[in-house]
Amino acid sequence: PAPAPAATSDASTQAVTAAVQAWASAWAAKDMKAYLGAYDKSFDPPGNQSRSAWEKEREARIVGKSKISVKLSDIAVSVQGDKATARFRQAYSADALNVTSRKTLDLVNSNGRWAIVRESTGG
C-alpha cells in the first residue's frame, strides 16, 4: 500500500482540482452564489477594488452574457498543507468573445473547504 502522506496529498490534490472545476462550472452556469462562494473571505480583488465593488463587477460581467463556456485543461495542482496552487489553461467564451489564457489560482483550505484567495493570469 502507498504511504499515508502520498494518499493525503493525493486526496488534497483531487479536492483542489474539484474546487477549481466547480468554480469554472458555476461561472459557466452563471450561478453567482456558487461562483462568488468559491472565493475565500480573505480574497484580495485585483486593482485595489473593494470586495463588494469586485463582486458587482463580476456579476455585471457574468449575468449580462447570453452564454458562457469555461473549459479548463492542463490543470497542475500543488498542495502544501492548507495552501494550494492550481495552474491551468482556461478557454473562455462568451457571446462573440473567445479567450484562452493561462491562469493561476491560489487557494486555502478553510474549515475543510478549498477557496480562492488569489487569482492571476499569465505565467
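Note that the structure is a prediction, hence the values are computed from the model and not measured.

Caption draft 1: Main features of unusual backbone geometry. Of note in this structure, D74 is not a glycine but carries a positive phi near 50°. If you trace the backbone, D74 turns up in strand β1 (residues 68-80). One non-glycine residue with positive phi stands out, namely N111, at about 55°. As for its position among the elements, N111 is in the loop between β3 (97-110) and β4 (113-121).

Caption draft 2: Structural view of the pairing of strand β2 (residues 83-94). In the sheet, β1 pairs with β2 via 11 bridges, with the strands oriented antiparallel. By the bridge assignment for β2, S73 is matched with R89. Relative to β3, β2 runs antiparallel, the two being bridged by 12 bridges. Its bridge partner being in β3, A84 is matched across the sheet by L107.

Definitions and cut-offs
- Residues numbered from 1 in each chain as written.
- Predicted model: local features only at pLDDT ≥ 70, side-chain atom pairs only at ≥ 80, totals over all residues.
- Heavy atoms only, no water.
- Helix = DSSP H or I, 4+ residues; strand = E, 2+ residues; numbered from the N terminus.
- Pairing = 2+ DSSP bridges.

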